[in-house]
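Breakdown of the fold
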Amino acid sequence: MTAVTAPAAPRGASRPRPTVPVPLGRLAGVELRKIFDTRSGLWLAVSVAVVAVGSAALLVALESPESFSYQFFVHSIDYPVHLLMPMLGVLAVTSEWSQRGALTTFALVPRRGRVLAAKALPLAGVAVATMLLTFACGVVATLVGAATGGVDAVWDMSLDEHLRMLAFSLLSMAVGFVVGVVLRSSPAALVAYLLFVLVVPSLSSALAASLDWYRDAGPWVELTSAQYELYGDVMTAEQWAQLGTASLLWLVLPFVLGVRRLLRVEIR
Amino acid sequence: MITITSLTKRYGPFTAVDEVSFTAAAGRVTGFLGPNGAGKSTTLRVLAGLAAPTSGSATVLGARYADLPNPGLEVGVLLDASAQHGGRTGRETLVLAQRTMGLPAARVDESLELVGLTPAEARRRVRDYSLGMRQRLGIATALLGDPRVLVLDEPANGLDPAGIRWMRDLLRTFADDGGTVLLSSHLLAEIEMIADDIVMIGSGRVVAQGTKDELLRGAGTLVRADDVVAAGAALAAAGHQVTPSGDAVLTDADPATAGRVMFAAGLPVTELRASDGAGLEDMFLELTAATARDASSPATPAMTGAAA
């Protein structure tokens, strides 16, 4: 039996109590680390890089040199790369729930909105870095392709096109992030993400082929196709507006509803 | 210091926590005891700001947990040792917490040493940890910020006897240093070993609370006799309450009275003493039986699926 003595001073009473909330920048640094510090995260990131470099090499080796151009390489490399990359955004959110780290994460930072913002920041950085990697692979492929194929290096992308590709990358990451926020489960969110970017566009074009009214409405509501308009040489005001409405419907609206839910849901 | 005031948490029609009030004082280890599904974890989740109460409040060091600017530096929380990302190493898990709280990197190794995880173990992935190792890692995370308050849900689960002893000493030192410890358990023996104060909860309600000494002290008399049935009958005939307890009976009569009843009945008594804590144990067993799957009194349907 332990004798109970009243302590002279409560533990830590001499220390000043913390008054400064965990700064967002520091938290974003922690969340950046969390993207890559698991085997799944690391391998996914490595796969993105390998796919970028690998598809550049394959294109140079297998495609006919007449089709070589910087834009050709960037667009071709970009498709598989930006199919994979947003999964990092999905997992950044869902792994908290599927691996149940949320219990520690939100106990250390009860302001859930702040945690979410801290997750979004490094993901935006990853989206930009991925696009820069794609550009770099495109440059190398163009130079190597010109040398080995005996053709002139063709540089056919304007600054405007580069910026639109960056926007494309950020939007792709946003899709992954929003799917994660809404579903909060890794398997469900990964399946939903793949359905959304692979199956929904084909469904949409099948619908457009058979339904007259949808042929006109589709571009305004189907995000993936609207997003690929960013690939074009130029983009009309109407295409920007379609990208806007589709994003509103598939990104902003689910995000708002998902965040509202996430801020309230019981963490267990 | 932890204060829970009239805390209620409902899930639809099911009330998981019902008007629970208690305090956990600085310098004391408070044991939160109750069978699985009694509402312990739900109470602790509300306390740590992970669930919103339906009504009532929970405060730590005078503030709502969610209002603490950097809670890890004031309150160490371990709600579920298995809720850690299996793909990270033990060390990485601590590094993330250390960076979140803004602590010097050296704290990670100090904490690992404090909970007895070797550098080799810390390099392994949490997926490959035993439950006992996860408990140690969780406690290391909770202690990382050198907090004044510890909130631990079933921290002894998965620990071997030496581990339980280690944790008892750790929590004792923490409390003697003026810290507040609130730990839950579904095992009376565990709580008896570690806690100074006990709050017992069943079906979401507090059924008993006080210091361990108060609660364990003489809740009646234990009478052991060659013929226990006759002994019980004699006590009942004399107007006392009788509860069979194995090969003995418990009665609310004091030892002197019980002895006289036995003498008058001509029954040889083999043991006669104030029952130590049998009252608490009985109450606890009753609670457990009421919720246990194989109990004769079936659990209420609402009980299933309740937060453990």
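Counting from 1, residues in each chain are numbered in the order their sequence is written. For naming, the first written chain is A and the first written ligand is 1, with later ones following in the order written. With pLDDT at 70 or above as the cut-off, local features in this predicted model cover only qualifying residues; side-chain atom pairs require 80 or more to be listed or tallied, and sums for whole chains, interfaces and linings still use all residues. In computing side-chain properties, one takes all heavy atoms of the structure into account and sets aside hydrogens as well as water.

Let us now look at the side chain of Lys119 of chain A. Residue and element names in this part refer to chain A. Along the chain, Lys119 falls in helix H6 (residues 112-149). Here Lys119 falls in the buried class, since its relative accessible area comes to 3%. Note on contacts: a residue pair qualifies if any of its non-hydrogen atoms lie within 4.5 Å across the two residues. Not counting residues within four places of it along the chain, the set of residues in contact with Lys119 comprises Glu31, Lys34, Ala92, Val93, Glu96 and Phe177. Helix numbers and strand numbers start at the N terminus; a helix is a DSSP run of H or I with at least 4 residues, a strand a run of E with at least 2. Burial here depends on accessible area, computed with a 1.4 Å probe over protein chains only, as a share of the maximum for the residue type. Under 20% is buried, over 50% is exposed, and the range in between is partly exposed.

Residues and elements named next belong to chain B. Those residues of helix H10 (residues 255-265) that fall on the buried side of the exposure criterion are Ala258, Val261 and Met262. Down the axis of H10, the smallest arc covering the buried residues is 95°, so these residues share one side. Seen from the open side of H10, the exposed residues pointing more than 90 degrees away from its buried face are Arg260, Phe263 and Ala264. Residues of H10 that are buried make contact with strand E10 (221-225), helix H9 (228-237), strand E12 (248-251) and strand E13 (269-274). Here H10 starts with a cap whose side-chain oxygen sits 3.1 Å from the backbone nitrogen of Ala256, and that cap is Asp254. Downstream of H10 by one or two residues, Gly266 has phi in the positive range, about 70°. Each C-beta atom gives one direction from the helix axis, and the arc is the one those directions make. Nitrogen and oxygen atoms within 3.5 Å of one another constitute a polar contact, given that in protein one can donate a hydrogen and the other can accept it, and given that sequence-neighbouring residues count only through two side-chain atoms.

All names here are of chain A. Side chains of Tyr79, Val191, Leu194, Leu195, Leu198, Val199 and Leu203 sit close together on the surface and give an oily, nonpolar patch of about 580 Å² of accessible area. Looking at the nonpolar patch, the element that brings in the most residues is helix H8 (residues 186-210), giving 6 residues. Among the structural elements, Val191 can be located in helix H8. Patch membership needs two things, relative accessible area over 30% and no salt bridge, and members are linked within 9 Å if like-charged or within 5 Å if nonpolar (Val, Leu, Ile, Met, Phe, Trp, Tyr). For the area figures, the Shrake-Rupley method with a 1.4 Å probe applies, and any residue is considered shielded solely by the protein chains shown. Salt bridges are identified by distance alone: a Lys or Arg side-chain nitrogen within 4 Å of an Asp or Glu carboxyl oxygen.

Let's shift gears to the interface of chain B and chain A. Of the residues lining the interface, 53 residues belong to chain B; the matching set on chain A comes to 41 residues. Here chain B and chain A share an interface that buries about 4,100 Å² over both sides, 51% of which is from carbon and sulfur atoms. Inspection of the chain B/chain A interface yields 6 salt bridges. Arg17 of chain A is the salt-bridge partner of Glu74 of chain B, the closest N and O atoms lying 2.7 Å from each other. For the interface between chain B and chain A, the tally reads 18 residue pairs in polar contact (both at pLDDT 80 or more). Sorting the residues of the side of chain B that touches chain A by element identifies strand E1 (2-11), helix H2 (90-101), helix H6 (161-176) and helix H8 (212-216) of chain B as the ones contributing at least two each. Each residue belonging to the side of chain B that touches chain A can be placed in one class, and the counts come to 20 nonpolar, 15 polar and 18 charged. Defined in terms of a 1.4 Å probe, buried area is the accessible area two parts forfeit on being brought together, summed over both. Each residue gets one label: Ala, Val, Leu, Ile, Met, Phe, Trp, Tyr, Cys and Pro are nonpolar, Asp, Glu, Lys and Arg are charged, and the others, such as Gly, are polar.

On to the UniProt feature "transmembrane region" (unreviewed entry) in chain A. Residue and element names in this part refer to chain A. According to UniProt, the "transmembrane region" (unreviewed entry) feature falls on residues 42-61, 81-99, 120-145, 165-183, 190-211 and 240-259. Strand forms 0% of residues 42-61 and helix 100%; the C-alpha atoms that close the span are 28 Å apart. Helix makes up 95% of residues 190-211 and strand 0%, whereas the separation of the span's terminal C-alpha atoms amounts to 30 Å. UniProt positions are given in the numbering used here, feature names are shortened, and annotations may be inferred rather than shown by experiment.

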